[in-house]
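Take a look at the letters that make up each chain.
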Amino acid sequence: MAIIQADIIDIKTDTPQQSDIFFVDTNVWFWQTYKNAGFGANSYQLSNYPNYPNYINLALSNGATLTYSGLTLAELAHIIEKTEYDIYVQSNGNLHFKKYRHDYPTERANVVAEVQFTWRQIKKIAIPIDLTVDDATTDAAINRFTTQAVDGYDLLMLEAISKAGAGTVKIITDDMDYSVVPGIQVFTSNKYVIQDAAMQKKLVVR
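Residues numbered from 1 in each chain as written. Predicted model: local features only at pLDDT ≥ 70, side-chain atom pairs only at ≥ 80, totals over all residues. Heavy atoms only, no water.

1. Looking at the pairing of strand 2 (residues 21-24)
Then, in step 1: Sheet topology places strand 2 next to strand 3 (residues 65-69); three bridges connect them, and they run parallel. Residue pairing for strand 3: F23 is matched across the bridge by T67.
Then, in step 2: Direction of pairing for strand 2 relative to strand 5 (residues 169-172): parallel, over a ladder of three bridges. Looking at strand 5, one finds that F23 is bridged to I171. (Pairing = 2+ DSSP bridges. Helix = DSSP H or I, 4+ residues; strand = E, 2+ residues; numbered from the N terminus.)

2. Considering helix 4 (residues 71-92)
Then, in step 1: With 22 residues, helix 4 should cover 32 Å at 1.5 Å per step; its first-to-last C-alpha distance of 32 Å lies within 8% of that length.
Then, in step 2: Where helix 4 ends, the next residue or the one after it, G93, has phi of about 95 degrees, a positive value. (Expected span 1.5 Å × (residues − 1).)

3. Some details on the side chain of S179
Then, in step 1: Within the secondary structure, S179 is located in the loop between strand 5 and strand 6 (184-188).
Then, in step 2: The residues contacting S179, other than those within four sequence positions of it, are I3, I4, Q5, A6, I8, V186 and V193. (Contact = heavy atoms within 4.5 Å.)

Here it is, written out as C-alpha cells:
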C-alpha cells in the first residue's frame, strides 16, 4: 500500500470550480484528445460515467483553468506511437518497434498526424507552464527523487508546476505516483488511490 501524502479528491463526486487551476497529466490528455484512446483503457478511465474526459469538459464549462507542460509532448508522443504500434501488431502480426518506426512510412505519417492533432487540441483548451531544464531544476528534481517515488517525467513536471506560482498544486491524473507527493491535491478516479486515501484519511471532499 502506498503511503498517501497528497490530498486526494475523487473526480466522480467533485465539481470543478472557476477558481481552480489544474495541471492535467499526460494520461488524461491522452484520453481527452486521442481518437484511439479506448485501446487498452480501463472502463473507469474512459467509458464509465463520470470519467476523465467528462471531468475535463466540466472544468472547461465551469471556467476552470487547465495547464500543460512542454514535457507533456514528449510523453504523449511516446504513448501515442506505442498505441498505434500495438494496434498495428494486433492486426498484422509481430514486428520490431524500430522497424515499425523507420520502415513503414504510411504508419509513421499516421503517428505524426495523430500527435499533431492531439497537441493542437491541448493548446486550444489549456495554457502552458514553462520550465527551464537547467542545473537548478535538475538538482531540485534529484532531491525530490530521493524522497518521492515518482518517475523521471513526473520529477520535472512537478518542478514545472511548483515554479508556476499558482498556489496549491492541483493535478488531474490517474497516476498513483503523485499520491505520495506532500502538499498537493490529486484529482483522480483511480480506485486504488481512492481506497488507500480513504483508509489513511487523506480523501478530501471539497
